[in-house]
Amino acid sequence: MTIFNLYIFDRNGTCLYYREWNRTRQSGLAKEEEFKLMYGMLFSLKSFITRMSPTDQKEGLLNLRTNQYKLHFYETATGLKFVMNTDINEAASAPNVTALLHEIYQSIYVEFVVKNRLCALDKPIESEIFHRKLDDYIRGLPMFATKTSS
C-alpha cells in the first residue's frame, strides 16, 4: 500500500499538520485552499452520513474509496480529525488504517504535541520531534511503499 499524505485538523477546521510521502499529483490549489476543501468535504460527508443512516452509528465516516485512492478518517473525542490518503491496493496483511491513525494520535500526537509545553494545541504543529517521529513511524510500516504502482 502506498501512503500519499496525512492531514490533521482541529475541531474548528484549522489544518494543524500536513505531510506528503508519495503524492505524485498536486491539486493545483494553494495549500490553504486545499485544506479548506478537504475539511469542508469531511464536514459535509459526516453530516450526510449521520442524517441518512438508518441506524444510530458509533462511528460514521471511516473511509471513502475512489478508483484512484482511499481516504481514511479517524476522529478523536476532542474533535481532532486525522485523514490519510492511500492507494487502493490493500494487501491482506496490511493493518487497519483507522487503527493506524488511532496509533498515530495516541503514541505520537499525544506524546510529542499534547505533552510538549512548547506546542500550542490550537496552532499548527511545528515540533521537529513530532515531525521526525511521525516520519519514522510511517516509513517503518511494513505496508509503506516508496513508489506508486502503475
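Residues numbered from 1 in each chain as written. Predicted model: local features only at pLDDT ≥ 70, side-chain atom pairs only at ≥ 80, totals over all residues. Heavy atoms only, no water.

- Per an unreviewed UniProt entry, the protein carries the name Trafficking protein particle complex subunit and comes from Ridgeia piscesae.
- Entered under Sequence similarities (unreviewed entry) in the UniProt record, the comment concerning the protein runs "Belongs to the TRAPP small subunits family. BET5 subfamily."
- Comment text from UniProt for the protein, heading Subunit (unreviewed entry), reads "Part of the multisubunit transport protein particle (TRAPP) complex. The heterodimer TRAPPC6B-TRAPPC3 interacts with TRAPPC1 likely providing a core for TRAPP complex formation." (UniProt positions renumbered as here; feature names shortened; annotations may be inferred.)

## Regarding the overall build of the protein
- When its secondary structure is counted, the protein shows 3 helices and 5 strands.
- From first element to last, N terminus to C terminus, the protein shows the α and β order β-β-α-β-β-β-α-α.
- Computed over the C-alpha atoms, the radius of gyration of the protein is 15 Å, within 12% of the 15 Å expected from 2.2 N^0.38 for a compact globule of 150 residues.
- Looking at the 150 residues of the protein, the share that counts as buried comes to 41%.
- Residue pairs at least 24 apart in sequence account for 54% of intrachain contacts in the protein once pairs closer than 6 positions are excluded.
- When the accessible surface of the protein is split by element, carbon and sulfur atoms take 51% of a total near 9,100 Å².
- Put simply, the protein has 19 plus and 17 minus side-chain charges, and the middle of one group is 1 Å from the middle of the other. (Helix = DSSP H or I, 4+ residues; strand = E, 2+ residues; numbered from the N terminus. Rg over C-alpha atoms; globule rule 2.2 N^0.38 Å. Buried < 20%, exposed > 50% of the residue type's maximum accessible area, 1.4 Å probe, protein only. Contact = heavy atoms within 4.5 Å. Areas by Shrake-Rupley, 256 points an atom, 1.4 Å probe, with all protein chains shown as cover. Lys, Arg positive; Asp, Glu negative; His and termini not counted. Charge placed at Lys NZ, Arg CZ, Asp CG, Glu CD.)

## A short note on helix α3 (residues 128-139)
- The terminal C-alpha atoms of α3, which comprises 12 residues, lie 16 Å apart, in line with the 16 Å expected from a rise of 1.5 Å per residue.
- Contacts from the buried residues of α3 go to β1 (3-9), β2 (15-20), β5 (81-86) and α2 (97-114). (Expected span 1.5 Å × (residues − 1).)

## With respect to the environment of Arg11
- For Arg11, the position within the fold is in the loop between β1 and β2.
- In sequence terms Arg11 and Asp122 are 111 residues apart; their C-alpha atoms lie 9.4 Å from each other.
- Filtering out sequence-adjacent residues up to four positions away, Arg11 remains in contact with Tyr39, Thr78, Gly79 and Lys81.

## Points about the packing of aromatic side chains
- Evaluation of the coordinates by the stated rule reveals 12 aromatic pairs.
- A ring pair is formed by Tyr7 and Phe35, whose centres lie 6.1 Å apart and whose planes are at 90°; its orientation type is edge-to-face. On the criterion of sequence distance, the pair formed by Tyr7 in strand β1 and Phe35 in helix α1 (residues 31-52) is long-range, its members being 28 residues apart.
- Taking relative accessible area as the criterion, Phe35 reaches 10% and is therefore assigned buried. (Phe/Tyr/Trp six-rings, centres within 6.5 Å; stacked < 30°, edge-to-face > 60°.)

## Quick notes on α1
- In a regular helix each residue adds 1.5 Å, so 22 residues correspond to 32 Å; α1 covers 31 Å between its end C-alpha atoms and thus fits that length.
- Three or more residues of α1 are buried, namely Glu34, Phe35, Met38, Tyr39 and Leu42. Buried residues of α1 fall within an arc of 130° about the axis and therefore sit on the same side. Of the exposed residues in α1, the ones pointing more than 90 degrees away from its buried face are Glu32, Lys36, Leu37, Phe43, Phe48, Arg51 and Met52.
- Where α1 is buried, its residues touch β1, β2, β4 (70-75) and β5. (Arc of directions from axis to C-beta.)

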